[in-house]
Amino acid sequence: MVSRVPETVNAVAFGVLAACIVGGAVMVMVTRNVVHASFWLLEVLIATAGLYLVLSAEFLALVQIMVYAGAVSVLLLFVVMLTLRRREDAVRSRDASALVAALAVAFGGMLVGVLYGFPVPIVAMPEAAPGVAEIGRALFTRWVLPFEIASGILLVALVGAVWWAGAGGGDEL
Amino acid sequence: MTVGLEAFLMLGAVLFAVGLYGALSKKSAVMVLMSLELMANAVNITLVSTSRFVTPVTMDGQFFAIFSLVVSAAEIGLGLALVLALYRRTRTIELDRIDELRG
């Protein structure tokens, strides 16, 4: 089932996923409940995995689901629940700020302005999208040094997180 | 109906701006970390879509995205551990109530 990679993406699939992503991100901002916000964040991350599928990056979509939907959102919910003393503490003020909104709109407008005129190079699409086998091969040949550094980073982060969250970081004042 | 790379870049820019708003305006440390995740996600979308349309054979952007995913997973783990340590020290995660260094 070798199919030629199209040079564009189905607009309907993109539109639905983009609406889920932007809508979910806005809901993270406007919802007043921290627990609801983390579930909206989970929705955004899963919709992003769908976007990776549309972009024929199957491996990344799977990693996104496992790392973000599986690990990060559970971690977020754990910390939300550990740092709330009462159930009512989950509901917060909205923390709206006109100055920051203006800054974010200005920055986003600048990004859009720069990227809109981005000259996309015309490249020949391959006959078939490279699969997981090609990704694995490249990861352990061309990208092997960053790969090993990444495992070092993860190890250091693991030890640091255990130390901070455990005995070392929480000395009472 | 089809869309090209520009639509993905626009989506990344909008998502990044939303995350930036949250990272600067939210007063709960956990909400700030969530906003940082949104911004990292916007960058990853940009990387993967550029990879798909500009380097479809070598997939450079996808590898960048994999490593950026590793770094942001480490960041969220360390960040949440810091939030927990902060909570045990000060009994709060409200960023505007953590002002011990204010002169």
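Residues numbered from 1 in each chain as written. Chains lettered and ligands numbered in written order. Predicted model: local features only at pLDDT ≥ 70, side-chain atom pairs only at ≥ 80, totals over all residues.

Asks: What's the story with the overall build of chain A in this structure? I'm lost.
Replies: Along chain A, the regular secondary structure elements total six helices and one strand. Across chain A, helices and strands are ordered from the amino to the carboxyl terminus as β-α-α-α-α-α-α. Its C-alpha atoms give chain A a radius of gyration of 21 Å, clearly above 16 Å, the size a compact globule of 173 residues would have. Along the three orthogonal principal directions, the C-alpha set of chain A runs to about 60 × 40 × 30 Å. Evaluated residue by residue, chain A yields a buried proportion of 24% over its 173 residues. Of the contacts made within chain A by residues no fewer than 6 positions apart, 61% connect residues no fewer than 24 positions apart. (Helix = DSSP H or I, 4+ residues; strand = E, 2+ residues; numbered from the N terminus. Rg over C-alpha atoms; globule rule 2.2 N^0.38 Å. Buried ≥ 20, exposed ≤ 12 C-beta atoms within 10 Å, placed from the backbone. Contact = placed C-beta atoms within 7 Å.)

Asks: What is the right way to read the overall build of chain B from this model?
Replies: The helix and strand tally for chain B stands at three helices and one strand. Counting only C-alpha atoms and orienting by the principal axes, one finds that chain B spans roughly 55 × 25 × 25 Å. Here chain B holds 103 residues, and 55% of them are scored as buried. If you take every contact in chain B between residues at least 6 apart in sequence, the share linking residues at least 24 apart comes to 48%.

Asks: What should I look at first to understand the interface of chain A and chain B in this one?
Replies: Where interface size is quoted, it is often the accessible area lost as the parts come together. Contacts between the two partners involve 74 residues from chain A and, on the opposite side, 63 residues from chain B. Among the secondary structure elements, those contributing two or more residues to the side of chain A that touches chain B are β1 (9–10), α1 (11–30), α2 (34–54), α3 (58–82), α4 (98–116), α5 (132–139) and α6 (144–165) of chain A. Broken down by element, the side of chain A that touches chain B gets its largest block of residues, eleven residues, from α4(A). Class assignment of the residues belonging to the side of chain A that touches chain B gives a composition of 60 nonpolar, eleven polar and three charged. (Nonpolar A, V, L, I, M, F, W, Y, C, P; charged D, E, K, R; others polar.)

Asks: Would you mind showing me how to read helix α3 (residues 60–90) of chain B here?
Replies: For the α-helix, the turn length of 3.6 residues means that residues three or four positions removed from each other point alike. Helix length check: α3(B) (31 residues) gives 44 Å between terminal C-alpha atoms against 45 Å at 1.5 Å per residue, within 8%. Immediately beyond the C-terminal end of α3(B), within one or two residues, lies B:R91, with a positive phi of roughly 60 degrees. (Expected span 1.5 Å × (residues − 1).)

Asks: What exactly am I supposed to notice about the environment of B:F64 here?
Replies: With respect to the secondary-structure elements, B:F64 resides in helix α3. Each C-alpha atom, one on B:F64 and one on B:A85, is 31 Å from the other, the two residues being 21 residues apart in sequence.

Asks: Would you take a moment to explain the domain arrangement of chain A for this structure?
Replies: Domain annotation of chain A identifies domain 1 (8–92) and domain 2 (128–168). Using C-alpha coordinates to define each centre, domain 1 of chain A is positioned 22 Å away from domain 2 of chain A. (Domains from an automatic or database assignment.)

Asks: Explanation requested: the nonpolar core in the structure shown.
Replies: In a soluble, globular protein the nonpolar side chains are often hidden away together inside. In terms of nonpolar packing, the biggest core is built from 70 residues, with A:V28, A:V44, B:L15, B:V30, B:M34 and B:L38 touching the most fellow members. The biggest single contributor to this core is helix α2 (residues 29–54) of chain B, with 13 residues. Both of domain 1 (8–92) and domain 2 (128–168) of chain A provide at least three residues apiece to this core. Look past the residues within four positions of A:V44 in its chain and what remains in contact with it is A:I21, A:G24, A:A25, A:V28, B:L38 and B:N41. (Core = buried A, V, L, I, M, F, W, Y, C linked by C-beta atoms within 7 Å.)

Asks: Honestly, the confidence of the model for chain B in this entry has me stumped. Any pointers?
Replies: Any region with low pLDDT has predicted coordinates that should not be read closely. Here chain B averages 89 in pLDDT, and 99% of its residues register 70 or above. Reported confidences for the modelled complex are a pTM of 0.90 and an ipTM of 0.91. (pLDDT = per-residue confidence, 0-100.)

Asks: Whenever I open this one, the packing of α1(A) against α2(A) confuses me. Can you help?
Replies: Helix packing for two helices is described by the angle between their axes and how far apart those axes are. All names here are of chain A. Where α1 contacts α2, the two axes come as close as 8 Å, and the packing angle between them is 160 degrees. Taken together, the axes of α1 and α2 lie roughly antiparallel to each other. The element α1 and its partner α2 pack so that their crossing is left-handed. Contacts between α1 and α2 pair A13, F14, L17, C20, I21, G24, A25, M27 and V28 from the former with A37, W40, L41, E43, V44, A47, T48, G50, L51 and V54 from the latter. (Axes fitted to C-alpha atoms, helices over the stretch in contact; angles between N-to-C directions. Parallel < 35°, antiparallel > 145°, perpendicular 65-115°, else oblique. Left-handed = near helix turned anticlockwise from the far one by under 90°.)

Asks: Before we go on, may I ask you to explain the environment of B:L84 in this structure?
Replies: Within the fold, B:L84 resides in helix α3. Residue classification places B:L84 among the buried residues on the basis of 22 C-beta atoms within 10 Å. In sequence terms B:L84 and B:L15 are 69 residues apart; their C-alpha atoms lie 27 Å from each other. Apart from residues lying up to four places away in sequence, B:L84 is in contact with A:V79, A:L82 and A:A165.

Asks: Teacher, can you tell me more about the packing of helix α1 (residues 5–25) of chain B against α2(B) here?
Replies: Residue and element names in this part refer to chain B. One can describe the packing of α1 onto α2 by two numbers: an axis separation of 8 Å at closest approach and a directional angle of 165 degrees. Viewed along their axes, α1 and α2 adopt a mutual orientation that is roughly antiparallel. Read as a crossing pair, α1 and α2 show a hand that is left-handed. Its residues assigned to classes, the contact of α1 with α2 shows 18 nonpolar, eight polar and no charged.

Asks: Looking at this structure, I do not really get unusual backbone geometry. What am I missing?
Replies: Where the residue is not glycine, phi is negative for most of them; where a peptide bond is considered, it is trans in most cases. At B:M59, a position not held by glycine, the phi torsion is positive, near 55 degrees. Along the polypeptide, B:M59 turns up in the loop between α2 and α3.

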